Structure formats: C-alpha cells, structure tokens
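Results of the structural survey
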Amino acid sequence: MRLDDMFSDDHNESPSATYLALLAGGASAEAYERPVLRARADGEAPARLAAVERAKG
C-alpha cells in the first residue's frame, strides 16, 4: 500500500491497518496526524473518530 492510498476516499480500511502501514513505510511524524485530521475534516461519526484516535495511540 502506498502512503497516498491511505488518504483516499476509501474509509473501509481499519484505523489500525492505516497506522501499521504508516509504521511499515517509515512515515514521518506528520503523516501520523493525517488520518485523525482527515476523519475530523470529513465529519466522521464519533465512534469512527474515536477508533482512529485509539489506533493512533
């Protein structure tokens, strides 16, 4: 999985898988903030936002 793919409109991937891919890809610290910021900007449901926050860590 490419890092760019993690920020597409596909919200089916689990938050944990997203963060594992970031870790495996040696992503920058800034990249770890993107899934949370994206979820907030997209108006995700509170449960989904909480899941993203938990996965981040």
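Here is a short report on the structure shown in this document.

Conventions used here
Residue numbers here run from 1 along each chain, matching the order of that chain's written sequence. For this predicted model, a pLDDT threshold of at least 70 governs which residues receive local features, and a threshold of 80 or more governs which side-chain atom pairs are given and counted, while totals over whole chains, interfaces and linings are taken from all residues. For side-chain calculations, the full set of non-hydrogen atoms in the structure is used, while hydrogens and water are omitted. Each helix is a run of DSSP H or I of at least 4 residues and each strand a run of E of at least 2, with the numbering of both proceeding from the N terminus. We call a residue buried when its accessible area falls under 20% of the maximum for its residue type, exposed when it is over 50%, and partly exposed in between, using a 1.4 Å probe and counting protein chains only. Note on definitions: a residue-residue contact is assigned when non-hydrogen atoms from the two residues lie within 4.5 Å. The protein chains shown are the only cover counted for residues, whose accessible areas, like all others here, come from Shrake-Rupley with a 1.4 Å probe. Axis lines are fitted through C-alpha atoms, for helices just across the contact stretch, and the angle between N-to-C directions can take any value from 0 to 180 degrees. Note that the term roughly parallel is reserved for angles under 35 degrees, roughly antiparallel for angles over 145, roughly perpendicular for angles of 65 to 115, and oblique for everything else. What the arc covers is the set of directions going from the helix axis to the C-beta atoms.

Right, let's talk about the overall build of the protein chain for a bit. In terms of helices and strands, the protein chain carries 3 helices and 0 strands. Looking at the protein chain as a whole, 23% of its 57 residues are labelled buried. Nonlocal contacts in the protein chain, meaning residues at least 24 apart in sequence, comprise 43% of its contacts between residues at least 6 apart. A total accessible area of about 3,800 Å² is found for the protein chain, and carbon and sulfur atoms account for 53% of it.

Here we take up the packing of helix H2 (residues 34–41) against helix H3 (residues 46–56). In the contact formed by H2 and H3, the axes pass within 9 Å of each other and the chain directions differ by 170 degrees. In terms of axis orientation, H2 runs roughly antiparallel to H3. Of H3, the residues touching H2 (which contributes Pro35, Val36, Ala39 and Arg40) are Leu49, Val52, Glu53 and Lys56.

For the rest of this paragraph, the subject is H2. Within H2, burial applies to Pro35, Val36 and Ala39. Here the buried residues of H2 occupy an arc of 100 degrees about the axis, which is enough to place them on one side. Buried residues along H2 sit in contact with helix H1 (15–24) and H3. Taken from the residues just after H2, Gly43 is the one with a positive phi, measuring 70 degrees.

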